Amino acid sequence: MKISDIKLEMELYGVDLEDITEILEICKAQGYDTQALDDELEKKGYERIFSAHEDEEDDEDDEYPTVQKFTHKKNYID
């Protein structure tokens, strides 16, 4: 994920521009890890943005039932 993508994501979630620049400066030294970004957002009073997406993707797979595949061979029953 690029820095511009991180900045855009925070803007879309309503994070103030001043807070965005502070968070990006802090994470510049620590690295742009999703956990570190979310920790800084929580310190400023915002909700978790980046690791919340990871949790949602895992839950989506559980909603669909499994599918039983049919064999390609014809089975004749007498």
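Quick note: structure is the one above.
Predicted model, so just to flag it, every value in this text is computed and none were measured. (Residues numbered from 1 in each chain as written. Predicted model: local features only at pLDDT ≥ 70, side-chain atom pairs only at ≥ 80, totals over all residues. Heavy atoms only, no water.)

A few words on the packing of helix α2 (residues 17-30) against helix α3 (residues 34-43). The interhelical angle for the contact between α2 and α3, taken along N-to-C directions, is 145°, at an axis separation of 10 Å. Here the hand of the crossing between α2 and α3 comes out right-handed. Residues Ile23, Ile26, Cys27 and Gln30 of α2 lie in contact with α3, whose contacting residues are Ala36, Leu37, Glu40 and Leu41. (Axes fitted to C-alpha atoms, helices over the stretch in contact; angles between N-to-C directions. Helix = DSSP H or I, 4+ residues; strand = E, 2+ residues; numbered from the N terminus. Left-handed = near helix turned anticlockwise from the far one by under 90°. Contact = heavy atoms within 4.5 Å.)

Another aspect to go through is the pattern of salt bridges. Tallying each qualifying case throughout the model produces 5 salt bridges. Between aspartate 39 and arginine 48 there is a salt bridge whose closest N-O contact spans 3.5 Å. Arginine 48 gets classed as partly exposed once you look at its relative accessible area, which sits at 24%. In this structure, the salt-bridge partner of lysine 43 is glutamate 40, at a minimum N-O distance of 3.3 Å. With lysine 43 and glutamate 40 both in helix α3 and 3 residues apart, this pair spans about one turn of that helix. Given the relative accessible area of 65%, lysine 43 is considered exposed. (Salt bridge = Lys/Arg side-chain N within 4 Å of Asp/Glu carboxyl O. Buried < 20%, exposed > 50% of the residue type's maximum accessible area, 1.4 Å probe, protein only.)

Core analysis: the largest hydrophobic core is formed by 12 residues, namely Ile6, Met10, Val15, Ile20, Ile23, Leu24, Cys27, Leu37, Leu41, Tyr46, Ile49 and Phe50. Elements with a minimum of two residues in this core: α1 (3-12), α2 and α3. The element best represented in this core is α2, accounting for 4 residues. (Core = buried A, V, L, I, M, F, W, Y, C linked by side-chain atoms within 4.5 Å.)

Once that is clear, we can look at the packing of α1 against α2. The interhelical angle for the contact between α1 and α2, taken along N-to-C directions, is 145°, at an axis separation of 10 Å. Crossing angle aside, the handedness with which α1 passes α2 is right-handed. Within the contact between the two elements, α1 uses Ile3, Ile6, Lys7, Met10 and Glu11 and α2 uses Leu17, Ile20, Ile23 and Leu24. A per-class count over the contact of α1 with α2 returns 7 nonpolar, no polar and 2 charged. (Nonpolar A, V, L, I, M, F, W, Y, C, P; charged D, E, K, R; others polar.)

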